[in-house]
Amino acid sequence: MQQSYPDHKGRYGPFGGKYVPETVMAALEELEAGLKEALVDDAFLAEYEEVLKEYAGRETPLTYAKRLSETVGGAKIYLKREDLLHTGAHKINNAIGQALLAKRMGKTKIVAETGAGQHGVATATVAAKYGLECKIFMGEKDMERQKLNVFRMELLGAEVVPATSGSKTLKDATNEAIRYWVSHVDDTMYLIGSVVGPHPYPYMVREFQRVIGDEAKRQMEQLPDAVVACVGGGSNAIGMFTSFLDEPTVQLYGAEAGGKGIETPEHAATLSKGDRGVIHGSLTYLIQDEHGQIIEPYSISAGLDYPGIGPEHAYLKDEERVHYEAITDAEAIDALVKLTQTEGILPAIESAHAVALALKTASTMTSDQSVLICLSGRGDKDVDTIRGVLSDDKGGES
Amino acid sequence: MNRVEAAANTNNQLFIPYIVAGDPTIEVTIDLARVLEESGAHILELGVPYSDPLADGPVIQAAANRSLQEGTSLQTVIDTVRQIRAAGIRIPIVLFCYVNPILKYGLHDAVKAASEAGVDGWLVPDLPYEENDEMKKTCNEYGNVLISLVAPTSNERVKRIAKEAQGFLYCVSSLGVTGVREEFDHRLDTFITAASESSSVPLAVGFGVSKREHVARLHTQGYGAVVGSRIVKEIEKYETMLRDPNQRSKALLQIKTFVQSLVSS
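By the naming in an unreviewed UniProt entry, chain B goes by Tryptophan synthase alpha chain and is assigned to Geomicrobium sediminis. Regarding chain B, the UniProt comment filed under Subunit (unreviewed entry) reads as follows: "Tetramer of two alpha and two beta chains." Note on chain B: under the UniProt heading Pathway (unreviewed entry), the record states "Amino-acid biosynthesis; L-tryptophan biosynthesis; L-tryptophan from chorismate: step 5/5."

As recorded by an unreviewed UniProt entry, chain A carries the name Tryptophan synthase beta chain and is attributed to Geomicrobium sediminis. Under the UniProt heading Cofactor (unreviewed entry), the note attached to chain A is "pyridoxal 5'-phosphate". Under the UniProt heading Pathway (unreviewed entry), the note attached to chain A is "Amino-acid biosynthesis; L-tryptophan biosynthesis; L-tryptophan from chorismate: step 5/5."

Structure (structure tokens):
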């Protein structure tokens, strides 16, 4: 199935494409050509695999969550441990791939956008490793909320540029990064952190993330009955799902950020509540107002509050191959505490959305069935947020 | 003949100002349309404000924000054009609009409504050649033109785009976003020459055209000039006066004098 798209125009069914200013088109064509060559170059692929192994820490383990499974009393729950990767999340897989491609294409500088700072940190990390000059665009508001990650990127030698336009968050950082890239395409590569943006980005990021699912499929003794991942832009989910798309017995679930509830205006549930439109160069589902202005989404998790979603997810939703469901902040935190206290694994709040949906799903299944979760990142970065939420809850109860 | 085509074909020193509709208010936009027509503009590029304007620099982003604060939408802009026409202003109007508001409105409905209101053409900056089939067909169905852009990096794309250009071919003078610049990209001359060789319609150059000397240089070479950010900046400067009915005419006169100074050689 996945071999048949994207088509030559970068389409996943009606979704995807290249909705960008003419000034960007040449750069996209150059990238497309460079990527096409690289993906059939054995030396390039060998180097990518080598770096994933020796530097990022692949392959990542598959953990059977015995106590968590018993708590739920349904299917056996397995965790694909992307949280154990260098820099703490799956983002590094893609950052390594794109940095190697930048080098191969003779680019000396890289730019990226970041929301919470995870992709920014991964990008700054590979920039340091390969001696590439690195600029990270980050919403001014996000810089305030994620001061530690800003410092971490700067420590790695990157320049963090505040995005002061629009709502001063991830979507605006993405706009600014694209605007900067347009003016500096000669020597600069733009590293997108998710399966979003104009073609070939959603395709490229999928190819650099599919290692997650390829490995997990090999590691499972038999095919899982359900696979669950969280979706913001959707890169860890695509990385996990791709290997399983052609397995009709495997049910696929995507957990999007329901924020304070999809009946409220404060959520980032793009597929549950959004409609079709164009964001950052791609036709997909997005959260917008009646006039087609993009609305700033909300989630407790900075990695999921993106108003769009990768075009392949839009397609998989319409094809009904993947079932997408919104998970609220409260459900995610609840799942996070459960996983932490039964397994001693503190997940990122993003990944906790997947855990929450998996727990719901597993509870309806039997003990001879299995659920595989993509545990996309670890929660060290979120400890302050979690402490805030949990102490508020206690305050409310007393 | 379509009004944009007529204007482009009969003026060899095309002057095309750009303003954001609803900046600072819709009323002012109608006045500005008249002022620009009286200042010698041949075509008015009217920007539809958008939350995520990828191709625009800070000046036009700020103008779009001011306009969005006023509640401007694609529907408002179409209604404004109807008012502009009702006021007897005949300058050809090209709507500069990002694709998402058009899709949300419904592409066919938007083009039809705009055409009926008196719009003559569209420029959709994030709808490149590869994606513009339906928009172009629909525009033509309603007697409108779809303006195409070429950039210094377009290389072999220039020929394909220029060959199918309608009205005028918009040449982006430099890489990056809209905004005021001191100098043009060094690749400008080579690329414009390539574009004009393939184009069946006149050329107009924009992005960074901000001074009388820029306009004069382009006109001497036989190309049109699009001035956006520099005029929008002037509107920003007089924002308070423009909002005040008692001071508006004074501000409009200042802007008129400024715009005339851009084109007087």
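What chain A contains, in helices and strands, is 16 helices and 14 strands. Its C-alpha atoms give chain A principal-axis dimensions of about 55 × 45 × 40 Å. Here chain A, with 398 residues, has 63% of them falling under the buried criterion. By sequence separation, contacts in chain A at least 24 residues apart represent 74% of the contacts at least 6 residues apart. Carbon and sulfur atoms make up 49% of the accessible area of chain A, which amounts to about 14300 Å² in all.

This paragraph deals with helix α9 (residues 201-209) of chain A. Counting buried residues in α9(A) gives seven out of nine residues, a clear majority hidden from the surface. Buried residues of α9(A): Tyr201(A), Pro202(A), Met204(A), Val205(A), Arg206(A), Phe208(A) and Gln209(A), and no others.

Our focus in this paragraph is unusual backbone geometry. A cis amide bond, omega 10°, links His199(A) with the succeeding residue Pro200(A). In this structure, Pro200(A) sits in the loop between β8 (188-191) and α9. Geometrically, the link from Asp23(B) to Pro24(B) is a cis peptide bond, its omega value of -5° lying close to zero. The backbone of Thr87(A) shows a phi angle near 70°, a positive value even though the residue is not glycine. In this structure, Thr87(A) sits in the loop between β4 (76-81) and α4 (91-104). Assessed through its relative accessible area of 10%, Thr87(A) is described here as buried. Look at Lys168(A): it is not a glycine, yet its phi comes out positive at around 60°.

Attention now goes to the sheet that holds strand β5 (residues 145-146) of chain B. Residues and elements named next belong to chain B. As summarised here, the arrangement of the nine strands in space is β5-β4-β3-β2-β1-β9-β8-β7-β6, forming an open sheet in which the pairing is parallel. Whereas interior strands pair on both sides, the edge strands pair on one side only; in this sheet they are β5 and β6 (148-150). In this sheet, β5 lies alongside strand β4 (residues 121-123) in parallel orientation, the contact comprising two bridges. Across the sheet, Trp122 pairs through a bridge with Leu146, a residue of β5. Across the face of the sheet, helix α9 (residues 188-198) comes into contact with β6, β7 (169-172) and β8 (203-206) while running at roughly 165° to β7.

What follows covers the packing of helix α11 (residues 229-237) of chain B against helix α13 (residues 248-263) of chain B. Residues and elements named next belong to chain B. It is the contact of α11 with α13, at a shortest axis distance of 10 Å, that shows an interaxial angle of 160°. Comparing the axis directions of α11 and α13 gives the class roughly antiparallel. Here the hand of the crossing between α11 and α13 comes out right-handed. Contacts between α11 and α13 involve Arg230, Ile231, Glu234 and Ile235 from the former and Ile255, Phe258, Val259 and Leu262 from the latter. Residues belonging to the contact of α11 with α13 are distributed by class as follows: six nonpolar, no polar and two charged.

Take the nonpolar core next. Judged by nonpolar contacts, the single largest core of 102 residues is most densely connected at Leu95(B), Trp122(B), Met135(B) and Leu169(B). Once you skip the residues sitting within four places of it in the chain, Met135(B) turns out to touch Ile102(B), Leu107(B), Val111(B), Trp122(B), Val124(B), Leu127(B) and Leu146(B). Ranked by size, the runner-up nonpolar core spans 93 residues in total, among them Ala56(A), Met189(A), Phe208(A) and Leu54(B).

On the chain A side, the residues contacting the 36 residues of chain B number 35 residues. Carbon and sulfur atoms make up 51% of the area that chain B and chain A hide from each other, which totals about 2900 Å². On the chain B side of the contact with chain A, Leu54(B), Lys104(B) and Glu131(B) bury the most area, a combined 23% of that side's loss. Inspection of the region where chain B meets chain A yields 18 residue pairs in polar contact (both at pLDDT 80 or more).

With that settled, the discussion passes to empty space enclosed by the protein. Where empty space is left in the structure can be found by rolling a water-sized probe over the atoms. Residues and elements named next belong to chain A. Counted under the stated rule, the structure contains eight cavities of 30 Å³ or more. The space that makes up the largest cavity amounts to roughly 440 Å³. Counting only elements with at least two residues in the lining of the largest cavity, the list comes to β5 (109-114), α5 (118-130), α8 (170-183) and α11 (235-241). Looking at the lining of the largest cavity, its residues break down into ten nonpolar, 18 polar and five charged.

Calculation rules
Residues numbered from 1 in each chain as written. Chains lettered and ligands numbered in written order. Predicted model: local features only at pLDDT ≥ 70, side-chain atom pairs only at ≥ 80, totals over all residues. Heavy atoms only, no water. UniProt positions renumbered as here; feature names shortened; annotations may be inferred. Helix = DSSP H or I, 4+ residues; strand = E, 2+ residues; numbered from the N terminus. Buried < 20%, exposed > 50% of the residue type's maximum accessible area, 1.4 Å probe, protein only. Contact = heavy atoms within 4.5 Å. Areas by Shrake-Rupley, 256 points an atom, 1.4 Å probe, with all protein chains shown as cover. Pairing = 2+ DSSP bridges. Axes fitted to C-alpha atoms, helices over the stretch in contact; angles between N-to-C directions. Parallel < 35°, antiparallel > 145°, perpendicular 65-115°, else oblique. Left-handed = near helix turned anticlockwise from the far one by under 90°. Nonpolar A, V, L, I, M, F, W, Y, C, P; charged D, E, K, R; others polar. Core = buried A, V, L, I, M, F, W, Y, C linked by side-chain atoms within 4.5 Å. Buried area = accessible area lost by both parts, 1.4 Å probe. Polar contact = N/O pair within 3.5 Å; in protein donor to acceptor, adjacent residues only side chain to side chain. 1 Å grid on protein atoms, 1.4 Å probe; cavity = no way out; pocket = protein on both sides within 12 Å on 5 of 7 lines; lining within 4 Å. Points joined across faces, edges and corners; volume = space filled by probe spheres on them.

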